[in-house]
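The lines below spell out each chain.
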Amino acid sequence: MATKLTGTIALVTGASSGIGAATARRLGEDGASVVLLARRKERLTELAAEIEKAGGTALVVEADIADRAQAEAAVQETVERFGRLDILVNNAGLMLLGPVVGADVEEWERMIAVNVQGLLYTTRAALPHLLKAAEDGPRRVADIVNISSIAGRVAWNGYGVYNLTKFGMNGFTESLRQEVTRRHVRVGVLEPGGVDTELGSHNDHKPEIREAIGAFYEQTEVLVPDDIADGVAYMVTRPRHASVGELWIMPTDQA
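Everything in this summary refers to the structure shown in the same document.

**Topic: the overall build of the protein chain**
No. 1: Of regular secondary structure, the protein chain possesses 7 helices and 9 strands.
No. 2: The buried share among the 255 residues of the protein chain stands at 52%.
No. 3: When contacts within the protein chain are restricted to residue pairs at least 6 apart in sequence, those whose partners lie at least 24 apart make up 72%.

**Some remarks on the packing of aromatic side chains**
No. 1: On inspection of all chains with the given rule, the structure shows 2 aromatic pairs.
No. 2: A connected cluster of aromatic rings, assembled from ring pairs, spans Trp156, Tyr159 and Tyr162.

**Points about the environment of Ile9**
No. 1: Mapped onto the elements, Ile9 comes out in strand 1 (residues 9-13).
No. 2: Judged by its relative accessible area of 4%, Ile9 falls in the buried class.
No. 3: Considering only alpha carbons, one finds Ile9 and Thr57, 48 residues apart in sequence, at a separation of 9.6 Å.
No. 4: Once residues within four sequence positions are removed from consideration, Ile9 is found in contact with Ser33, Val35, Thr78, Phe82, Arg84, Leu85, Asp86 and Ile87.

**Some remarks on the packing of helix 1 (residues 18-29) against helix 2 (residues 41-53)**
No. 1: At a minimum axis separation of 10 Å, helix 1 and helix 2 run at an interaxial angle of 25 degrees. Relative to helix 2, the element helix 1 lies roughly parallel. Here the hand of the crossing between helix 1 and helix 2 comes out right-handed. Judged by residue contacts, Ala21, Ala24 and Arg25 of helix 1 engage Leu47, Glu50 and Ile51 from helix 2.
No. 2: Class assignment of the residues belonging to the contact of helix 1 with helix 2 gives a composition of 4 nonpolar, no polar and 2 charged.

**So, the pattern of salt bridges**
No. 1: Counted under the stated rule, the structure contains 12 salt bridges.
No. 2: As a salt-bridge pair, Arg26 and Asp30 come within 3.4 Å of each other at their nearest N and O atoms.
No. 3: Relative accessible area serves as the criterion here: at 24%, Arg26 is assigned to the partly exposed category.
No. 4: Its salt-bridge partner being Arg153, residue Glu246 comes within 3.3 Å of it at the nearest N-O pair.

**Focus: the nonpolar core**
No. 1: In terms of nonpolar packing, the biggest core is built from 42 residues, with Ile144 and Val185 touching the most fellow members.
No. 2: Among the elements of the structure, strand 1, strand 2 (33-38), strand 3 (57-62), helix 3 (68-82), helix 4 (105-136), strand 5 (142-147), helix 5 (160-180) and strand 6 (185-192) are those that each provide at least two residues to this core.
No. 3: Here this core takes 11 residues from helix 4, the largest share from any one element.
No. 4: The contact partners of Val185, leaving out residues within four places of it in the chain, are Leu130, Leu131, Ala134, Ala142, Ile144 and Val180.
No. 5: Ala10, Val12, Leu27 and Ile147 belong to the second largest nonpolar core, which has 31 residues in total.

**Notes on the side chain of Asn146**
No. 1: Along the chain, Asn146 turns up in strand 5.
No. 2: Residue class for Asn146 comes out buried when judged on its relative accessible area of 0%.
No. 3: Within polar-contact distance, the side chain of Asn146 engages the side chain of Thr173 at 2.8 Å.
No. 4: Contacts of Asn146, omitting those with residues within four sequence positions, involve Asn90, Leu119, Met169, Phe172, Thr173, Gly188, Val189 and Leu190.

**A closer look at the environment of Leu36**
No. 1: The residue Leu36 is located in strand 2 in this model.
No. 2: Separated by 38 residues in sequence, Leu36 and Ala74 have C-alpha atoms that sit 9.8 Å apart.
No. 3: What Leu36 contacts, discounting residues up to four positions off in sequence, is Val12, Ala15, Ala24, Leu44, Leu47, Ala48, Ile51, Ala58, Leu59, Val60 and Val61.

**As for the pairing of strand 6**
No. 1: Extensive coverage of strand 6 is indicated by the burial of 8 of its 8 residues.
No. 2: The two faces of strand 6 match: Val185, Val187, Val189 and Glu191 on one face and Arg186, Gly188, Leu190 and Pro192 on the other face are all buried.
No. 3: Where strand 5 lies against strand 6, 6 bridges are found, and the strand directions are parallel. Across the sheet, residue Ile144 finds its bridge partner in strand 6, namely Val187.
No. 4: Crossover handedness for the path strand 5 to helix 5 to strand 6: right-handed.
No. 5: Two elements, strand 6 and strand 8 (residues 246-249), share 4 bridges in a ladder whose sense is parallel. Across the sheet, the residue bridging to Leu190 is Leu247, located in strand 8.

Conventions used here
Residues numbered from 1 in each chain as written. Predicted model: local features only at pLDDT ≥ 70, side-chain atom pairs only at ≥ 80, totals over all residues. Heavy atoms only, no water. Helix = DSSP H or I, 4+ residues; strand = E, 2+ residues; numbered from the N terminus. Buried < 20%, exposed > 50% of the residue type's maximum accessible area, 1.4 Å probe, protein only. Contact = heavy atoms within 4.5 Å. Phe/Tyr/Trp six-rings, centres within 6.5 Å; stacked < 30°, edge-to-face > 60°. Axes fitted to C-alpha atoms, helices over the stretch in contact; angles between N-to-C directions. Parallel < 35°, antiparallel > 145°, perpendicular 65-115°, else oblique. Left-handed = near helix turned anticlockwise from the far one by under 90°. Nonpolar A, V, L, I, M, F, W, Y, C, P; charged D, E, K, R; others polar. Salt bridge = Lys/Arg side-chain N within 4 Å of Asp/Glu carboxyl O. Core = buried A, V, L, I, M, F, W, Y, C linked by side-chain atoms within 4.5 Å. Polar contact = N/O pair within 3.5 Å; in protein donor to acceptor, adjacent residues only side chain to side chain. Pairing = 2+ DSSP bridges. Right-handed = clockwise from strand over helix to strand, strands pointing away.

The following block contains the structure:
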C-alpha cells in the first residue's frame, strides 16, 4: 500500500541510535527508502535489518561526516544506489558540556567538527541532488530537516560551546531556507527540549552537569526519540506548498 513517502529517498545522519534511528524507522514506515549514515556500522546493520524485516528498504553507509571527503562519498553512494535524494535529515550531533574555563578543549573541537562542519559538509554535498529532486522527483519538492535543540534559542550555564553550535545551526538553516525555498527545497529546523537519548551520556562523568540535568528530568515528562521522529515526519509529509520553517517539541512540566 502506498504511503506519503513512497518512492522517495531519505538520508539520515547519526542514524545509529536515538533520534536518528527512530527517524529512520518512521520514514521507512512512511514508504521512504532510508540511507542510514553514522560511524557505528554494527548498529546501522541491525537497524537496516529491522527496517527491511518490516518491509522497508535501507542502505547502510559507514562514514564520519566531520570528514568532508567521507560526507561527500556518503551522498555519492546514496545517489549511485538509488538515483537521487529527496530528503536530508541532519541529525548527527554531540552534546559535550562544561564551563568556558576548564573544559576539555579537545571535546569542544570534536563537537564543533560534528555539529557545525559535518552539517555543512553533508548539506553542501546533498544540495545539488535535492534541487534536482525538487525539479523532477515524484513529489516535485525536496526537504532538509536540521535537528537542533532548544539550546539554539536559550543559553544555560555550562552549555556555552554547545549553544554556539546550535545557535549557529539555526542561523544556517534560516539563511539556507531563504536561498533555496523558491526552488522548492524546504528547509526547516526542529528544536527539541529534554529528550532522553544517549546524547547526554557523554557528560555522565561530569558531576555538576549530571546533577543539573537530573534535576530537570525529575520535574519534567521527558521526551523520547519517537516524539522527535514524529516531528520530522510531520515536516516532510506536508503538501508541496506548505513548509515548516521551525518546529519546537517541548516536554510537559510535571509540576
